[in-house]
Amino acid sequence: GLYRDEGFGCGWSRVEQTGLPRGRVVSLVARADGNIDALIASASGGQNLYISRDHGQSWSPLTAALPVMQAFDLAHASAEPLRSYLLGVKSGSSNATLWVSQDGGETWAERPALDTLCTHILAVDASEARRVFLRCAGDTMERVLVSTDDGEHFTHFIEVPEIAGLAVSPDG
C-alpha cells in the first residue's frame, strides 16, 4: 500500500488507493506542481501510469498503456515540469530503452535502444532538462551513462563498483 506523511516523517498514514489498482508500485515521483505520478505493475503483468492531483488521495490513469513490456523507472525534469523519462525493456529485448514525454506522460517518444541493461534513472539535471543519467549493470562494475540530448545519444560518465544514487548540482 501507499503511505503519506505531512508531519516531516512523524505521522505516516495509509492512503486510500481510490482509483489506483492493486499491484506493485515500481516508481512514485512527485512533480514540481505538487501532483504525484505512480508507475504500477499489476498482478496480470501489465504496467500503467497513474496521476494524483490531490496529494495521493485519488488517482486516475495518465495513459492507456505504457510503451514498454517492463518498466524500471520514471523521472521528471524539474526545469521543464511536463518533461518525463521512462526507462524499461521492450518485449523480446534484454537491452534498455528510454522513452521521453514532453506532455506530462500523455504520449511517449522512443529513443534508440541502449547496448546494455540499465535499470535506474539516477538523475535529471535540475537546470538542463535534456541531461539525464542512467545506472547500467556491468560484469563487475556499474556504469553511469549520460545524455545531453534527451536520450538520443549516451556517453560513458563514470564506472564504479556500486552506485546507489547521484546528485547533480543546479549550477552544473
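Note: the structure precedes this text.
Conventions and cut-offs
Residues numbered from 1 in each chain as written. Predicted model: local features only at pLDDT ≥ 70, side-chain atom pairs only at ≥ 80, totals over all residues. Heavy atoms only, no water. Pairing = 2+ DSSP bridges. Helix = DSSP H or I, 4+ residues; strand = E, 2+ residues; numbered from the N terminus. Contact = heavy atoms within 4.5 Å. Salt bridge = Lys/Arg side-chain N within 4 Å of Asp/Glu carboxyl O. Buried < 20%, exposed > 50% of the residue type's maximum accessible area, 1.4 Å probe, protein only. Phe/Tyr/Trp six-rings, centres within 6.5 Å; stacked < 30°, edge-to-face > 60°. Disulfide = S-S within 2.5 Å.

## With respect to the sheet that holds strand β10 (residues 109–110)
Backbone-to-backbone hydrogen bonds join strands into a sheet, with any given pair of strands oriented parallel or antiparallel. Pairing is antiparallel in the open sheet, where four strands are placed in the order β7-β8-β9-β10. Here the strands that pair on one side only, and so sit at the sheet edges, are β7 (70–77) and β10. Sheet topology places β7 next to strand β8 (residues 80–89); seven bridges connect them, and they run antiparallel. By the bridge assignment for β8, His76 is matched with Ser84.

## Description of the side chain of Thr116
You can see Thr116 is positioned in the loop between β10 and β11 (118–124). If near-sequence neighbours (up to four positions away) are discounted, Thr116 is found in contact with Asn95, Ala96, Cys136, Ala137, Arg143 and Leu145.

## Regarding the pattern of salt bridges
As enumerated under the stated definition, the model contains seven salt bridges in all. Among the salt bridges present, the one from Arg83 reaches Asp150, with a minimum N-O distance of 2.5 Å. Of this pair, Arg83 sits in strand β8 while Asp150 is found in the loop between β13 (142–147) and β14 (155–160), placing the two residues 67 residues apart along the sequence. Asp150 matches Arg83 in its accessibility class, with the two residues each being buried. Beyond isolated ion pairs, a larger network of salt bridges with shared partners links Glu80, Arg83, Arg111, Arg130, Asp150 and Glu152.

## Brief notes about the packing of aromatic side chains
The geometry of two aromatic rings is summed up by the distance between their centres and the angle between their planes. A complete count under the given rule lists one aromatic pair for this structure. When the centroid spacing of 5.1 Å and the interplanar angle of 75 degrees are considered together, the rings of Phe133 and Phe157 count as edge-to-face. Placement of Phe133 in strand β12 (residues 132–136) and of Phe157 in strand β14 is noted, with a sequence separation of 24 residues between them. Judged by relative accessible area, which is 39%, Phe157 ranks as partly exposed.

## Remarks on the state of the cysteines
In the structure shown here, the tally under the stated rule is one disulfide. The side chain of Cys118 participates in a disulfide bridge whose partner is Cys136; the two sulfur atoms lie 1.9 Å from each other. For the disulfide bridge between Cys118 and Cys136, the dihedral angle about the S-S bond is near 80 degrees, and by the sign convention the bridge is right-handed. In this pair, Cys118 is assigned in strand β11 and Cys136 in strand β12, connecting sequence segments 18 residues apart. Across the pair, exposure class does not vary: Cys118 and Cys136 are buried alike.

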